[in-house]
Amino acid sequence: MAFKKIQEQLREVLGQQGIKEPLPFQKAILSKIKGGASVFGIAPAGAGKTTSIIISTLQKLDCAAFEEAPRALIFVKDKESALTLQGEFERFTRRMDLRIYSVYEEHNIEAQRNEIFEGVDIVIATPKRLSKIFYLNGINLGKLKLFIVDDAEFLSKPSPFSDVIRIPESLDRCQYAIFSTKFDSRMERMQELFMANAQIVEVGE
């Protein structure tokens, strides 16, 4: 997918960021996500996975806020990863009204629940904290369109993996995108549980 095929406002922002053409991995995966497919995106560091997440999410959400419940949920390893990804999103969304919010253990959970209740479009979360908020009925995932895991290597640990795979049990219709440097046994398990029809998009070194 050439960048000319994406939402005009997003295309303008990419140009402002100096991003003119998609990298090989981005070219391979963006059209599939735009078309509604669930995917495993496998590529080395520097291939453009994070930018693919941002472009896909903003395109799916039409670069605009809508209602109160989040429409995109992105799992990350820890607080640092959450805030870094939020900062990357904010580079692209300065002239958009999208609401981006990060949840992680090192913050008051009641404050996080209240912020989410006020209305958010994109939630970036650690699995442990999101799971706790979800089971306290602190987040409505009924409007969710995209379920993403960034740098999924951290799911090699049993606890975050268990927290992540519980969420799809409560979702009706949702598009999934898992990004990693390798396709491993944990991804095979996700494929069995909730991503049976997912496509594997892999670009090597």
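Here, the structure is the one placed above.
Residues numbered from 1 in each chain as written. Predicted model: local features only at pLDDT ≥ 70, side-chain atom pairs only at ≥ 80, totals over all residues. Heavy atoms only, no water.

Q: Residue-level account of the overall build of the protein, with values.
A: Regarding its fold elements, the protein presents 8 helices and 7 strands. Taking 2.2 N^0.38 as the reference for a compact globule, 205 residues should give roughly 17 Å; the C-alpha atoms of the protein span a radius of gyration of 16 Å, in line with that estimate. Along the three orthogonal principal directions, the C-alpha set of the protein runs to about 45 × 40 × 30 Å. Within the protein, the fraction of its 205 residues that count as buried is 51%. Counting only contacts in the protein whose residues sit at least 6 apart along the sequence, the fraction spanning at least 24 positions is 71%. (Helix = DSSP H or I, 4+ residues; strand = E, 2+ residues; numbered from the N terminus. Rg over C-alpha atoms; globule rule 2.2 N^0.38 Å. Buried < 20%, exposed > 50% of the residue type's maximum accessible area, 1.4 Å probe, protein only. Contact = heavy atoms within 4.5 Å.)

Q: I'd like a rundown of the environment of leucine 83, residues and numbers included.
A: Among the secondary structure elements, leucine 83 is positioned in helix H4 (residues 79-92). For leucine 83, a relative accessible area of 38% corresponds to the partly exposed category. The spatial distance from the C-alpha of leucine 83 to the C-alpha of lysine 145 is 22 Å, given a sequence separation of 62 residues. If we ignore the near neighbours within four places in the chain, the residues touching leucine 83 are Ser102 and Tyr104.

Q: Which residues make up the sheet that holds strand S1 (residues 39-42), and what are the values?
A: By definition, the strands of a sheet pair up through backbone hydrogen bonds, in either a parallel or an antiparallel sense. Spatial strand order, S3-S4-S2-S5-S6-S1-S7: 7 strands in an open sheet with parallel pairing. The sheet is open, and its two borders are formed by strand S3 (100-103) and strand S7 (199-202), each paired with just one other strand. Here the strands of the sheet are splayed against their neighbours by 15° on average, with no regard to which way each runs. Looking at chain direction, S3 and strand S4 (residues 122-125) are connected through 4 bridges and run parallel. Its bridge partner being in S4, serine 102 is matched across the sheet by isoleucine 124. Its contacts with the sheet place helix H8 (residues 185-193) against S1, strand S6 (175-180) and S7, and it is angled at close to 165° to S1. (Pairing = 2+ DSSP bridges. Axes fitted to C-alpha atoms, helices over the stretch in contact; angles between N-to-C directions.)

Q: I'd like a rundown of the environment of serine 170, residues and numbers included.
A: Note on placement: serine 170 falls in the loop between helix H7 (158-166) and S6. Looking at serine 170, the relative accessible area reads 43%, which means it is partly exposed. C-alpha separation for the pair serine 170 and glycine 142, spaced 28 residues apart in sequence, amounts to 8.7 Å.

Q: Which residues make up empty space enclosed by the protein, and what are the values?
A: By the definition in use, this model includes 1 cavity of 30 Å³ or more. By volume, the largest cavity is sized at about 30 Å³. Looking at the largest cavity, the residues that line it are Ala152, Glu153, Leu155, Ser180, Asp184, Arg186, Met187 and Met190. Top contributing element to the lining of the largest cavity by residue count: H8, with 3 residues. In the lining of the largest cavity, the residues fall into 4 nonpolar, 1 polar and 3 charged. (1 Å grid on protein atoms, 1.4 Å probe; cavity = no way out; pocket = protein on both sides within 12 Å on 5 of 7 lines; lining within 4 Å. Points joined across faces, edges and corners; volume = space filled by probe spheres on them. Nonpolar A, V, L, I, M, F, W, Y, C, P; charged D, E, K, R; others polar.)

Q: Could you give an account of helix H5 (residues 109-118), naming the residues involved and the relevant values?
A: When we look at burial in H5, the residues that qualify are Ile109, Gln112 and Ile116. Buried residues of H5, viewed axially, fall in a sector of 55°; they line one side. Those residues of H5 that are exposed and angled more than 90 degrees off the buried face are Phe117 and Glu118. Next to the buried residues of H5 lie S3 and helix H6 (127-135). (Arc of directions from axis to C-beta.)

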